[in-house]
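Report on the structure
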Amino acid sequence: MIALLEQIISDCAHYPSQGHVATYIPELANVDPNKLGIVVSLEDGGVFAAGDYREQFTMQSVVKPLILLQALMDSSIDTVRALVGVEATGKPFDAFNYSDQALTGAHINPMINTGAIALCTLIRGDTYPEKFARLLALTRKLSGNPELDVDQAVFHSEKLTGNKNRALAYMLKAYGMISDPVEEILDCYFRACSISINCCDLAKIAHIFASHGVHPATKEPLFPAEYAKYVNATLATCGMYDGSGEFALTVGFPAKSGVGGGIMGVIPRRMGIGVFAPSLDKHGNSVAGVQALARLSQAMDLSIY
Ligand code: DON
């Protein structure tokens with residue numbers, strides 16, 4: 001397994017030059033574009049790692065499945081579905097033009113910014129710091145890493161420059177989909193995106209989604225299987241944005257990317273994968289990360305289709 005992962009890392013080493021690191025969050029521009037790490041967590045408990053797998057990066061959109069899970073755990077499935085739909089938009093993660101009519105939940109999904117911002121309102125808590133504390137606690141629990149925390153520099157950088165998300169949140173407010181103060185909701189969303197993690201943490205979180213909410217080692221049920229299936233289904237259809245169709249063909253399993261360069265791969269009933277390579281393609285997906293996952297999928301016959 002290690003030999004396979006090392007081979008993949010070396011075969012993909014040239015891909016970062018085909019993309020660019022994110023710069024619209026200024027702090028993200030400071031990373032080394034050539035980093036590439038991968039971790040797989042297998043059904044028998046084995047965890048294998050190669051490359052720059054110890055490197056810390058911020059979750060960014062990889063946190064969206066966790067926001068969705070926390071909203072499902074704290075509200076009902078019906079409440080979540082009524083606020084945010086499940087259809088792919090076929091548009092970038094931060095697009096405005098989902099509809100030429102009044103915006104409704106049916107136009108958005110939990111994996112785009114508008115959907116994730118709306119779902120922050122369904123997390124339990126009297127205040128937004130309380131809601132975020134619940135989300136961070138869940139992320140720590142699923143990763144098995146109690147030390148996970150917010151990268152303050154990235155958080156402040158995005159808070160300062162995140163006017164597109166501010167506009168998206170005001171659009172939700174304009175159409176009556178959210179009622180809480182926009183800045184408080186965004187504070188929770190920006191903090192969530194700024195949780196610092198590595199490929200190991202990501203592979204472990206992915207593995208719990210793969211094993212339908214049951215901790216693969218302790219067999220402890222952490223959340224209901226129907227929530228895992230809800231999250232995994234939205235990852236399969238919307239997790240790689242307007243690159244989701246291509247990803248389904250070339251890689252073939254539910255996954256979530258983030259502009260920090262992370263991708264979480266979920267192979268239901270089989271394994272979890274965490275990959276990190278910060279140079280991104282035009283969709284905002286890690287170039288080398290997608291290529292590494294395609295090679296791993298080919299070598300291990302991981303396509304669920
Ligand atoms: O809201 C944003 O724009 C970022 N915090 C997250 C976007 C993101 O990661 C899109 N993923 N590929």
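Quick note: structure is the one above.
Notes on the structure follow. Note on numbering: residues in each chain are counted from 1, in written sequence order. Restriction of local features to residues with pLDDT of at least 70 applies here, the model being predicted, together with a cutoff of 80 or more for giving and counting side-chain atom pairs; totals for whole chains, interfaces and linings are based on all residues. Note that the side-chain values use all heavy atoms of the structure and ignore hydrogens as well as water.

**Focus on the packing of helix 2 (residues 64-74) against helix 5 (residues 128-143)**
Running from N to C, helix 2 and helix 5 cross one another at 110°; their axes reach a closest spacing of 10 Å. Overall, the two elements helix 2 and helix 5 adopt an arrangement that is roughly perpendicular. Relative to helix 5, helix 2 is oriented so that their crossing is right-handed. Within the contact between the two elements, helix 2 uses Leu66, Ile67, Leu69, Gln70, Met73 and Asp74 and helix 5 uses Arg134, Leu135, Leu138, Thr139 and Leu142. Angles shown run from 0 to 180 degrees and are taken between the N-to-C directions of axes, each axis being a line fitted to C-alpha atoms and, for helices, limited to the stretch in contact. Strands are runs of DSSP state E lasting at least 2 residues, helices are runs of H or I lasting at least 4, and numbering of each runs from the N terminus. With respect to orientation, any angle under 35 degrees is reported as roughly parallel, any angle over 145 as roughly antiparallel, any angle of 65 to 115 as roughly perpendicular, and every other angle as oblique. Crossing handedness: left-handed means the near helix sits turned counterclockwise from the far one by under a right angle, and right-handed means the same turn made clockwise. A contact between two residues is defined here by any heavy atoms of the two lying within 4.5 Å.

**With respect to the packing of aromatic side chains**
Think of it this way: a Phe, Tyr or Trp ring, Trp meaning its six-membered ring, pairs with another when their centres are within 6.5 Å, and the plane angle makes it stacked under 30 degrees, edge-to-face over 60, tilted otherwise. Going through the model one piece at a time under the given rule, you end up with six aromatic pairs. Plain terms: the ring middles of Tyr189 and Phe190 are 5.9 Å apart, the flat faces sit at 55° to each other, and that makes the pair tilted. A 1.4 Å probe rolled over the protein chains alone gives each residue an accessible area, and that area as a share of the maximum for its type sets the label: buried under 20%, exposed over 50%, partly exposed in between. You can call Phe190 buried: its relative accessible area is 0%. Here Phe247 and Phe253 contribute two aromatic rings whose centre-to-centre distance is 6.2 Å and whose plane-to-plane angle is 90°, an arrangement assigned as edge-to-face. Residue class for Phe253 comes out buried when judged on its relative accessible area of 3%. Three or more aromatic residues joined by ring pairs make a cluster, and in this case those are Tyr24, Phe93 and Tyr241. Sitting over the face of the ring of Tyr128, Lys131 holds its NZ or CZ atom 4.9 Å from the ring centroid. When the NZ atom of lysine or the CZ atom of arginine is within 6 Å of a ring's centre and also within 35 degrees of its normal, the charge is said to sit over that ring.

**Considerations on the environment of Tyr24**
Within the secondary structure layout, Tyr24 lies in the loop between helix 1 (2-11) and strand 1 (37-42). A relative accessible area of 41% means that Tyr24 is categorised as partly exposed. When near neighbours in sequence (up to four residues on either side) are disregarded, Tyr24 contacts Phe93, Thr161 and Val259.

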